[in-house]
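Here's the letter readout for the chains.
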2 protein chains.
Amino acid sequence: MADIKYEILEKIGEISVSPKGWTKELNLISWNDRPGKFDIREWDPEHEKMAKGITLSKEEALKLRELLNKIDF
Amino acid sequence: MADIKYEILEKIGEISVSPKGWTKELNLISWNDRPGKFDIREWDPEHEKMAKGITLSKEEALKLRELLNKIDF
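Residue indices begin from 1 for each chain and proceed along its sequence in written order. For naming, the first written chain is A and the first written ligand is 1, with later ones following in the order written. Where local features are concerned, this predicted model is filtered to residues with pLDDT of at least 70; where side-chain atom pairs are given and counted, the filter is 80 or more; whole-chain, interface and lining totals use all residues. Side-chain numbers here rest on the full set of heavy atoms in the structure, without hydrogens or water.

Chain A goes by Transcriptional coactivator p15 (PC4) C-terminal domain-containing protein in an unreviewed UniProt entry, where it is assigned to Proteiniclasticum aestuarii.

Below you can see the structure in the form of structure tokens.
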């Protein structure tokens, strides 16, 4: 796989930590020098490897927040 | 890839729709007959194909909500 250039613009917070130390995080990330997107993804303890995840635009993050706020957990 | 059995237990809502009609959605999904997990993922218009996504436990969904609610968009 070709290298993907990315820069973590803002570490928003940790969602969880796995027994092996991988963290699921919400960050603001710039991919390939593009403007930052919200990003929910798992990272290894050294923050060198990343696993599957999903990116969200500002509008999508706002909509997701609205949906989560409606849930009766 | 082996078939993955899944059942959408609850359609919580759409996050966005792409120009090609794929929808990014938040759902409660049971994978391989396991208990439901929150799931953020893209689906094709017929809801037959799915793209990359991420699953969240109840605790993770609550933490994500907390993080999103702190963002000053």
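> Provide a residue-level description of the sheet that holds strand β1 (residues 6–17) of chain A, including the pertinent values.
Each strand in a sheet pairs with its neighbour through backbone hydrogen bonds, running either in the same direction (parallel) or in the opposite one (antiparallel). We treat two strands as partners when DSSP finds at least two bridges between them. A helix here means a DSSP run of H or I that spans at least four residues, while a strand means a run of E at least two residues long, and both kinds are numbered starting from the N terminus. Here we have four strands laid out as an open sheet, ordered β1-β2-β3-β4 (chain A), and antiparallel in their pairing. Of all strands in the sheet, those bounded by a partner on one side alone are β1 and β4 (50–56) of chain A. Here the strands of the sheet are splayed against their neighbours by 25° on average, with no regard to which way each runs. Relative to β4(A), strand β3 (residues 37–43) of chain A is paired through five bridges, and the arrangement is antiparallel. The partner of I40(A) across the bridge, within β4(A), is I54(A). For this analysis, residues touch if any pair of their heavy atoms sits within 4.5 Å. In this analysis, axes come from line fits to C-alpha atoms, helices being fitted only over the stretch in contact, and the angle between any two N-to-C directions falls in the range 0 to 180 degrees. In the packing of helix α1 (residues 58–70) of chain A onto the sheet, contacts are made with β3 and β4 of chain A, and the angle to β4(A) comes to roughly 95°. Contacts between helix α1 (residues 58–70) of chain B and the sheet are confined to β1, β2 (23–31) and β3 of chain A, with β1(A) contributing the most and set at about 135° to the helix.

> Please provide a residue-by-residue account of the relation of the copies chain B and chain A, values included.
The fit set for superposing copies consists of C-alpha atoms from residues with pLDDT of at least 70 in both; the fit itself is least squares. Structural alignment of chain B on chain A gives an RMSD of 0.0 Å, achieved by rotating through 180° and translating 0.0 Å along the axis. Taken together, these values place the two copies in the relation of a two-fold axis. Most of the interface of chain B is mirrored in chain A: 100% of its interface residues are interface residues there too.

> Can you tell me about the pattern of salt bridges, naming the residues and giving the values?
Where side chains of opposite charge bring their charged atoms close, a pairing between them can arise. Criterion for a salt bridge: a side-chain nitrogen of Lys or Arg within 4 Å of a carboxyl oxygen of Asp or Glu. What the rule picks out here adds up to ten salt bridges over all chains. Notably, a salt bridge pairs D33(B) with K5(B), separated by 3.0 Å at the nearest N-O pair. Taken together, the positions of D33(B) in the loop between β2 (23–31) and β3 (37–43) and K5(B) in the segment before β1 (6–17) put the pair 28 residues apart, joining distant regions of the chain. What emerges from the salt-bridge pattern is a single network uniting K63(A), E66(A) and K70(A).

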